[in-house]
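Examining the three-dimensional arrangement
Chain by chain, the residues:
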Amino acid sequence: VQLFTVQLTLKIFRFAEDVDDESTTFHPEYSHQLYGDDEVAFGYKGLQIQLYYSAGNLSTLFKVKYTSKVTETFDCVEPDDVEGKIREIIPAGFCCNTDDFISLLEKEANFKPFGTLLHTYHVHNVEEGGDFTYQIHKVDVSCPGFKEYHERLQTFLMWFIETASFIDVDDDRWDFFLVFEKYNKDGETLFATVGYMTVYNYYVYPDKTRPRVSQMLVLPPFQGEGHGAQLLEAVHRFYCNLPKVQDITAEDPSENYVKLRDYVLVKLCQTLPSFSSDKLSLGFSDDMATEAREKLKINKKHARRVYEILRLRMTDMSDETKARDYRLEVKRRLFAPTKKNQREMTKMMKCLRPEELASHISQMDTALQHEELEKSYQEVLAEYRRVIERLAQA
């Protein structure tokens, strides 16, 4: 009996026979928020933690199995409280017995999506040889039963978002957007939870709001099918129709979210008149920033990034002159923060001692700056090309 890596198995059930189907199981990306950076538990052999959910209502089965564990009586030490840590994040009302859980599965036909239907779309599944139907719903916390459902749903954050935290759903500034798959079983229409997004509406003086995306998660069985893009686009279109909304932002966006946002915003902006090919060749304009904000609630910083992606798409990079013009324009934007830092450093120099001055001068090495700038440019170029490739495949 020793330190044992925490083995957590997650599964989403549609049918009772899924109990023995190992292909439907998946595992957390992160366990450290509960079990520390090493993601280990002390005092068990053969430790297995099972956290199973029904596909629609997310009714929960929680089991901890092990072949043996240390005891305070015989080994004079206590094992880690593995079960207690999970009980802290999963709401009360879960099952510990498989038979009880299977009886809940039989009630899944009664589950219907919460809130208002915003958008329906279809995804072709090559393996199944057919189209699957998905719905995106807008929900607020006043919807009967939603608060309890959300408590079960947000437990997934702990396993798949590195700095996850639960939110205070009683604050009425929160908006919730949920994705469901619509499917048939024995002639009945059922719904499975696919993913969701939470958005907080900040006040902007004097009479506007700024929705900020807080959390976004597509459950692992559905990842890689384009649901994130569908969800983000539906959310943008929802807020575009609200005059009081100034623009849409995101809280501490991850690298994957930025990639997704690039793709969605470019897809939305490419049909705007100010982003037409003849306008793109003239450079980034106030018209682009204004139209992106007024029609799509996109702020100036993101509109500039959209412009650079669309400009790259229409630029023949094998033409040295055109490639050079494009490179210089992007580098000027990338260099702007560096120039600001230099101005601040020049001011600081007037009041620094000689030894402090020497250390700051070493930070201003011009060759190094050019090297870093070129590296940043190449990274941006690679990101933009990925967006353009995805647009071509859409």
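As recorded by an unreviewed UniProt entry, the protein chain carries the name Histone acetyltransferase type B catalytic subunit and is attributed to Esox lucius. According to the UniProt record, the Catalytic activity (unreviewed entry) comment for the protein chain reads "L-lysyl-[protein] + acetyl-CoA = N(6)-acetyl-L-lysyl-[protein] + CoA + H(+)". Quoted straight from UniProt, the Sequence similarities (unreviewed entry) entry for the protein chain says "Belongs to the HAT1 family."

Helices and strands together make up the secondary structure of the protein chain, namely 14 helices and 13 strands. Residue burial in the protein chain is summarised as follows: out of 394 residues, 44% are buried. Within the protein chain, contacts between residues at least 6 apart in sequence are counted, and of these 65% link residues at least 24 apart. Roughly 21300 Å² of accessible area belongs to the protein chain as shown, and the carbon and sulfur atoms make up 48% of that amount.

The subject of this paragraph is the pairing of strand S6 (residues 60–65). Where strand S5 (residues 48–54) lies against S6, six bridges are found, and the strand directions are antiparallel. Bridged to tyrosine 52 within S6 is leucine 61. Between S5 and S6, which pair antiparallel one after the other, the connecting turn spans five residues, and leucine 58 there sits at a positive phi close to 60 degrees.

The next thing to look at is the sheet that holds S6. Strand pairing in a sheet relies on backbone hydrogen bonds, with the paired strands running either antiparallel or parallel. Strand order in this open sheet of four strands is S3-S2-S5-S6, and the pairing throughout is mixed. Two strands close off the open sheet at either side, each with one partner strand: strand S3 (25–26) and S6.

Residues annotated by UniProt as "active site" (unreviewed entry) correspond here to Glu251. The residue glutamate 251 is located in the loop between strand S13 (249–250) and helix H8 (255–269) in this model. Ignoring sequence-local partners within four residues, the contact set of glutamate 251 consists of Arg212, Val213 and Ser214.

Another point: the nonpolar core. Of all hydrophobic cores here, the largest spans 100 residues; its most connected members are Leu51, Tyr149, Phe156, Leu178, Met197 and Phe275. Aside from chain neighbours lying at most four places away, what touches tyrosine 149 is Gly56, Asn57, Leu58, Phe111, Phe114, Leu178, Phe180 and Thr193. Grouped together as the second largest cluster of nonpolar side chains are six residues, Phe13, Tyr52, Cys95 and Leu105 included.

Counted by the stated rule, this structure contains zero disulfides. Left without a disulfide partner, cysteine 95 is nearest to the cysteine sulfur of cysteine 96, which lies 7.7 Å away. Relative accessible area serves as the criterion here: at 8%, cysteine 95 is assigned to the buried category. The thiol sulfur of cysteine 240 is not disulfide-bonded, and the nearest other cysteine sulfur, from cysteine 269, lies at 9.5 Å. Accessibility expressed as a relative area gives 18% for cysteine 240, which makes it buried.

The rules behind the values
As a convention, each chain's residues are numbered from 1 in the sequence order in which they are written. Since the coordinates come from a predicted model, pLDDT governs what is reported: local features require at least 70, and pairs of side-chain atoms require 80 or more to be given and counted, while whole-chain, interface and lining totals use all residues. Side-chain figures throughout are based on the complete set of non-hydrogen atoms in the structure, without hydrogens or water. UniProt positions are given in the numbering used here, feature names are shortened, and annotations may be inferred rather than shown by experiment. Each helix is a run of H or I in the DSSP string that is no shorter than four residues. Each strand is a run of E no shorter than two, and both are numbered from the N terminus. Throughout, exposure labels follow a simple rule: accessible area from a 1.4 Å probe, protein chains only, divided by the maximum for the residue type, with under 20% read as buried, over 50% as exposed, and the rest as partly exposed. Only heavy atoms matter for contacts: two residues are in contact if any of them lie within 4.5 Å across the pair. Here the open area of atoms and residues is found with the Shrake-Rupley method and a 1.4 Å probe, where only the protein chains shown may cover a residue. When DSSP finds two or more bridges between a pair of strands, those strands are recorded as paired. Throughout, nonpolar core names a set of buried Ala, Val, Leu, Ile, Met, Phe, Trp, Tyr and Cys residues whose side chains join them through atoms within 4.5 Å. Disulfide assignment relies on a single distance test, namely cysteine sulfur atoms paired within 2.5 Å.

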